[in-house]
Amino acid sequence: MKHQRSTAQWREMDAAHHLHPFTDTASLNEQGVRMITHADGIYLWDSEGNKILDGMAGLWCVNIGYGRKDLPEVAKRQMEELAYYNTFFKTSHPAVVELSHLLAEVAPKGFDHVFYTNSGSESVDTMIRMVRRYWDVKGKPQKKTLIGRWNGYHGSTIGGASLGGMSYMHEQGDLPIPGIVHVQQPWHYKYGKGMSADEFGKLAASWIEDKILEVGANKVAAFVGEPIQGAGGVIIPPASYWPEVQRICRKYDILLVADEVICGFGRTGHWFGQQQFGFTPDIFTTAKGLSSGYMPIGAVFVNNEVATTLAAGGDFNHGFTYSGHPVAAAVAHANVKALRDEGIVAAVQEDTGPYMQKRWREAFSRFEHVDDVRGVGLIQAFTLVKDKASQTLFDNWGEIGLMCRDIFFKHGLIMRACGDHIVSAPPLIISKDQIDELITTAVKCMEIFEQQLKERGLA
Ligand code: PMP
């Protein structure tokens, strides 16, 4: 595509008019933005012609990879046929019906109903309202409190940011809202020193039981967690955690909600993260991989019991102008069908996922300041540590992570720093050769990083 402006002009216009999310505007404008102009497969190109390997699939969302030719065709056809109509007043349209049917096929058994949104945050807010409505209809309106986790991420709306456990988000805008409480995350490395994985998983689950008893089971509506905490730094709980969480939720008659916005649609090699960890929620939220980022769309999946209860309550007074938007629905349908029929999710399970995990562990375990090298499917991470033997983290959590991330960027590789966790989640279509390329570049960057640590006297 021909662009008529120079990078400098774009930077100037961006600085003059565009407020960026999660950004220190003043410091960004000083540096100037990087303009991404096009993309193909797992690669991005910037306005200066640099080719960049996207080890993060955008924001963990471009599962199918960039540059598909079929998805824009589907969007064009749908726009021509029916660009928009709502689904509020006794109406539906073929695109949303076809998508719903397909989603019931790929979802775990018993999840035959979905409610559409435009994003992960909206899916989470929809879920919060659904959970509270569910208990109202059940005749237990006092069950209103939701339990989330510290360092969990559930979006940026008032509900999502409250349920999430990011203190730097809570600090802005008087969050969390009432009726939301948090428990500690199942981060074995930090909170389970000296314990076996099995023991720690059960201990971390018991913190939820403690919180339920503290609030009163008759007041707790739901526990909500990401199967793997993504933005929190790819915190993978021990195998004993989720089954125990499920047992506790059932024991106290509390809804179990999985936020599958990152794990959903193949990231772990299963369709949904709950299948990786062997638990069955009552509700789960999705977005991102549902359309692989080609259109904004999210969906809340509810099990048949929740669907029946909500239906018994009459009107559910909730919805968005673009719930089930025809173009987004048509594109999501084509995307999910391709993830299934082209064997993309299956390849993550059987081939590229195991290969990535083997290579990732071999490549990074040897570094002096890297520990807790972990991952599953195509989501992986390691933690930068001051001292491996004593499992000591660096002071000023996050500072070293950013320094490391900047080295990756400089070498044409996008990985993300979540505090001092370095994380990666590339498009699911990445090949084994491309995994080798990602690892080779990352290893080179880590060598530079450890050298810089020494030079700056930080280690
Ligand atoms: N939940 C989880 C688990 C997420 O990772 C995210 C986004 N990273 C969200 C919710 C919010 O999604 P969105 O940015 O589409 O609103």
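So, how was this worked out
- Residues numbered from 1 in each chain as written.
- Predicted model: local features only at pLDDT ≥ 70, side-chain atom pairs only at ≥ 80, totals over all residues.
- Heavy atoms only, no water.
- Helix = DSSP H or I, 4+ residues; strand = E, 2+ residues; numbered from the N terminus.
- Rg over C-alpha atoms; globule rule 2.2 N^0.38 Å.
- Areas by Shrake-Rupley, 256 points an atom, 1.4 Å probe, with all protein chains shown as cover.
- Lys, Arg positive; Asp, Glu negative; His and termini not counted.
- Charge placed at Lys NZ, Arg CZ, Asp CG, Glu CD.
- Near = heavy atom within 4 Å.
- Polar contact = N/O pair within 3.5 Å; in protein donor to acceptor, adjacent residues only side chain to side chain.
- Nonpolar A, V, L, I, M, F, W, Y, C, P; charged D, E, K, R; others polar.
- Core = buried A, V, L, I, M, F, W, Y, C linked by side-chain atoms within 4.5 Å.
- Buried < 20%, exposed > 50% of the residue type's maximum accessible area, 1.4 Å probe, protein only.
- Domains from an automatic or database assignment.
- Contact = heavy atoms within 4.5 Å.
- Pairing = 2+ DSSP bridges.
- Salt bridge = Lys/Arg side-chain N within 4 Å of Asp/Glu carboxyl O.
- Buried area = accessible area lost by both parts, 1.4 Å probe.
- Expected span 1.5 Å × (residues − 1).
- Arc of directions from axis to C-beta.

Draft legend 1. Structural context of the overall build of the chain. From N to C terminus, the chain includes 17 helices and 16 strands. Over its C-alpha trace the chain gives a radius of gyration of 22 Å, about what one expects of a compact globule, namely 23 Å for 459 residues. Taken along its principal axes, the extent of the C-alpha atoms in the chain is 65 × 60 × 45 Å. If you sum the accessible surface of the chain, you get close to 20000 Å²; carbon and sulfur atoms cover 53% of it. Distance between charge centres in the chain, computed from 45 positive and 52 negative side chains, equals 2 Å.

Draft legend 2. How the structure looks around the site of the ligand. Lining the immediate environment of the ligand, one finds Ser-119, Gly-120, Ser-121, Tyr-153, His-154, Gly-155, Glu-226, Asp-259, Val-261, Ile-262 and Lys-288. For the ligand, an oxygen atom lies 2.9 Å from a polar atom in the backbone of Gly-120. Separating a nitrogen atom of the ligand from a backbone N or O atom of Tyr-153 is a distance of 3.5 Å. Relative to its free-state accessible area of 390 Å², the ligand is covered by the protein chains to the extent of 83%. Of the residues contributing to the shell around the ligand, the split by class is three nonpolar, five polar and three charged.

Draft legend 3. Inspection of the nonpolar core at higher detail. Grouped together as the largest cluster of nonpolar side chains are 107 residues, with contacts concentrated most on Phe-223, Phe-364, Leu-384 and Met-446. Element by element, the count of residues in this core is highest for helix 14 (residues 326–341), at 10 residues. There are two domains that each give this core at least three residues, and those are domain 1 (34–67 + 343–455) and domain 2 (70–341). In this view, Phe-223 contacts Ile-147, Arg-149, Val-183, Ile-208, Tyr-241, Trp-242, Val-245, Cys-249, Ile-254, Leu-255, Leu-256 and Val-257; residues no more than four positions away in its chain are not counted. Core analysis: the second largest hydrophobic core is formed by 22 residues, Met-130, Leu-255, Val-306 and Ala-307 among them.

Draft legend 4. Region of the structure containing the pairing of strand 3 (residues 51–54). Relative to strand 3, strand 2 (residues 43–46) is paired through three bridges, and the arrangement is antiparallel. Looking at the pairing, Leu-44 lines up with Ile-52 of strand 3. Here strand 2 hands over to strand 3 after four residues, with Gly-49 in that stretch at a positive phi of 85°. Looking at chain direction, strand 3 and strand 14 (residues 413–414) are connected through two bridges and run parallel. In the strand pairing of strand 14, Leu-53 is matched with Leu-413.

Draft legend 5. Quick look at the pattern of salt bridges. What the rule picks out here adds up to 23 salt bridges. Look at the salt bridges and you will find they share partners, linking Glu-105, Lys-337, Arg-340 and Asp-341 into a network.

Draft legend 6. Quick look at the domain arrangement of the chain. With domains assigned, the chain is organised as domain 1 (34–67 + 343–455) and domain 2 (70–341). Domain 1 and domain 2 are separated by 26 Å when their C-alpha centres are compared. On the side of domain 2, 33 residues touch domain 1, which itself brings 37 residues to the contact. Together, the buried faces of domain 1 and domain 2 total about 2800 Å²; carbon and sulfur atoms form 62% of this surface. Every element with two or more residues in the side of domain 1 that touches domain 2 is listed here: helix 3 (57–60), helix 15 (344–364), strand 11 (370–376), strand 12 (379–387), strand 15 (416–418) and strand 16 (421–424).

Draft legend 7. Structural detail: the sheet that holds strand 14. Ordered in space as 1-2-3-14, the four strands form an open sheet in which the pairing is mixed. With partners counted over all chains shown, the strands left at the sheet margins are strand 1 (36–40) and strand 14, one partner each.

Draft legend 8. Region of the structure containing helix 4 (residues 70–82). Between its first and last C-alpha, helix 4 extends 18 Å over 13 residues, near the 18 Å set by a 1.5 Å rise per residue. Leu-71, Val-74, Ala-75 and Gln-78 are the residues of helix 4 that are buried. Buried residues of helix 4, viewed axially, fall in a sector of 100°; they line one side. Exposed and oriented more than 90 degrees from the buried face of helix 4 are Arg-77 and Glu-80. In this structure, the buried side of helix 4 is in contact with helix 5 (94–106) and helix 14.

Draft legend 9. The side chain of Thr-383, seen in detail. Its location among the elements puts Thr-383 in strand 12. At 2.9 Å, the side chain of Thr-383 forms a polar contact with the side chain of Arg-374. Side-chain polar atoms of Thr-383 contact the side chain of His-421, separated by 2.9 Å. Once you skip the residues sitting within four places of it in the chain, Thr-383 turns out to touch His-369, Val-370, Asp-371, Asp-372, Arg-374, Leu-393, Asp-420 and His-421.

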